[in-house]
Amino acid sequence: MAALYVVLFWNAIFPYDEEVHSRAKFAKDKSEIKATAIKQMQIEYIQEHH
């Protein structure tokens, strides 16, 4: 029962904001794409120089 009160209290103080959530998801997706591109560039560099 105490957990329910904590969750309700937390949601009252920090309501869910769809815009913030979507921005965070976009940033995460963008960073994953960037990391994949960097890894691919490293692989290409190693193949060309070794």
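Our structure is the block above this text.
Starting from 1, residues in each chain are numbered consecutively following that chain's sequence as written. Given that this is a predicted model, residues contribute local features only at a pLDDT of at least 70 and side-chain atom pairs are listed and counted only at 80 or more, while totals for whole chains, interfaces and linings are drawn from all residues. Side-chain measures were taken over the full set of non-hydrogen atoms in the model, leaving aside hydrogen atoms and water.

Engineer: How should I be thinking about the overall build of the protein in this particular structure?
Structural biologist: Each helix is a run of DSSP H or I of at least 4 residues and each strand a run of E of at least 2, with the numbering of both proceeding from the N terminus. From N to C terminus, the protein includes two helices and zero strands. For the protein, the C-alpha radius of gyration of 21 Å lies well beyond 10 Å, the compact-globule estimate for 50 residues. Considered along the principal axes of its C-alpha atoms, the protein spans approximately 60 × 25 × 10 Å. Burial classes follow relative accessibility: with a 1.4 Å probe on protein chains only, a residue under 20% of its type's maximum area counts as buried, one over 50% as exposed, and anything between as partly exposed. Expressed as a percentage of its 50 residues, the buried residues of the protein come to 0%. Only the protein chains shown count as cover for residues, and all accessible areas are computed by the Shrake-Rupley method using a 1.4 Å probe. As displayed, the protein offers around 5,100 Å² of accessible surface, 67% of which is attributable to carbon and sulfur atoms. One finds the centroid of the 6 positive side-chain charges in the protein at a distance of 3 Å from the centroid of its 7 negative side-chain charges. Note on method: radius of gyration uses C-alpha positions; expected globular size equals 2.2 Å times residues raised to 0.38. When charges are tallied, Lys and Arg are placed among the positive residues and Asp and Glu among the negative ones, while His and the ends of the chain are skipped. Where a charge lies is defined by one atom per residue type, namely NZ (Lys), CZ (Arg), CG (Asp) and CD (Glu).

Engineer: What am I meant to see in the pattern of salt bridges here?
Structural biologist: Any carboxyl oxygen of Asp or Glu within 4 Å of a side-chain nitrogen of Lys or Arg constitutes a salt bridge here. Scanning the entire structure with this criterion turns up three salt bridges. Ionic pairing is found between Arg 23 and Glu 19, a salt bridge with its closest N-O pair at 2.9 Å. Within this pair, Arg 23 and its partner Glu 19 are both found in helix H2 (residues 18–49), separated by four residues, close to a single helical turn. For Glu 19, a relative accessible area of 49% corresponds to the partly exposed category. Among the ionic pairs, Lys 28 bridges to Glu 32, the shortest N-O distance being 3.7 Å. Of this pair, Lys 28 and Glu 32 are both found in helix H2, four residues apart, which corresponds to roughly one turn of the helix.

Engineer: When you look at the environment of Met 41 in this model, what are you seeing that I'm missing?
Structural biologist: Within the fold, Met 41 resides in helix H2. Distance from Met 41 to Tyr 16, taken between C-alpha atoms, is 38 Å for residues 25 residues apart in sequence.

Engineer: Looking at this structure, I do not really get the packing of aromatic side chains. What am I missing?
Structural biologist: Two numbers describe a pair of aromatic rings. These are the distance of the centres and the angle of the planes. Paired rings are identified among Phe, Tyr and Trp, the last through its six-membered ring, by centres lying within 6.5 Å, and are further divided according to the angle between planes into stacked (under 30 degrees), edge-to-face (over 60) and tilted (the rest). Scanning all chains against the criterion turns up one aromatic pair. Summarising the aromatic geometry, the rings of Trp 10 and Phe 14 are spaced 4.7 Å apart at their centres and angled 50° between planes, so their arrangement reads as tilted.

Engineer: Can you help me understand helix H1 (residues 2–13) in this one?
Structural biologist: Residue pairs three or four apart in sequence face the same way in an α-helix, which turns once every 3.6 residues. Between its first and last C-alpha, H1 extends 17 Å over twelve residues, near the 16 Å set by a 1.5 Å rise per residue. Counted residue by residue, H1 has zero buried out of twelve residues, so it is predominantly exposed. The span one expects for a helix is its residue count, reduced by one, times 1.5 Å.

Engineer: Honestly, a nonpolar patch on the surface in this entry has me stumped. Any pointers?
Structural biologist: Note on patches: the residues involved have over 30% relative accessible area and no salt bridge, like charges join within 9 Å, and the nonpolar side chains Val, Leu, Ile, Met, Phe, Trp and Tyr join within 5 Å. Residues Met 1, Leu 4, Tyr 5 and Leu 8 make up a contiguous nonpolar surface patch of roughly 490 Å² in combined accessible area. Relative to the elements of secondary structure, Tyr 5 occurs in helix H1. On the accessibility criterion, Tyr 5 (54% relative accessible area) is exposed.

Coordinates in, geometry out; function isn't part of it.
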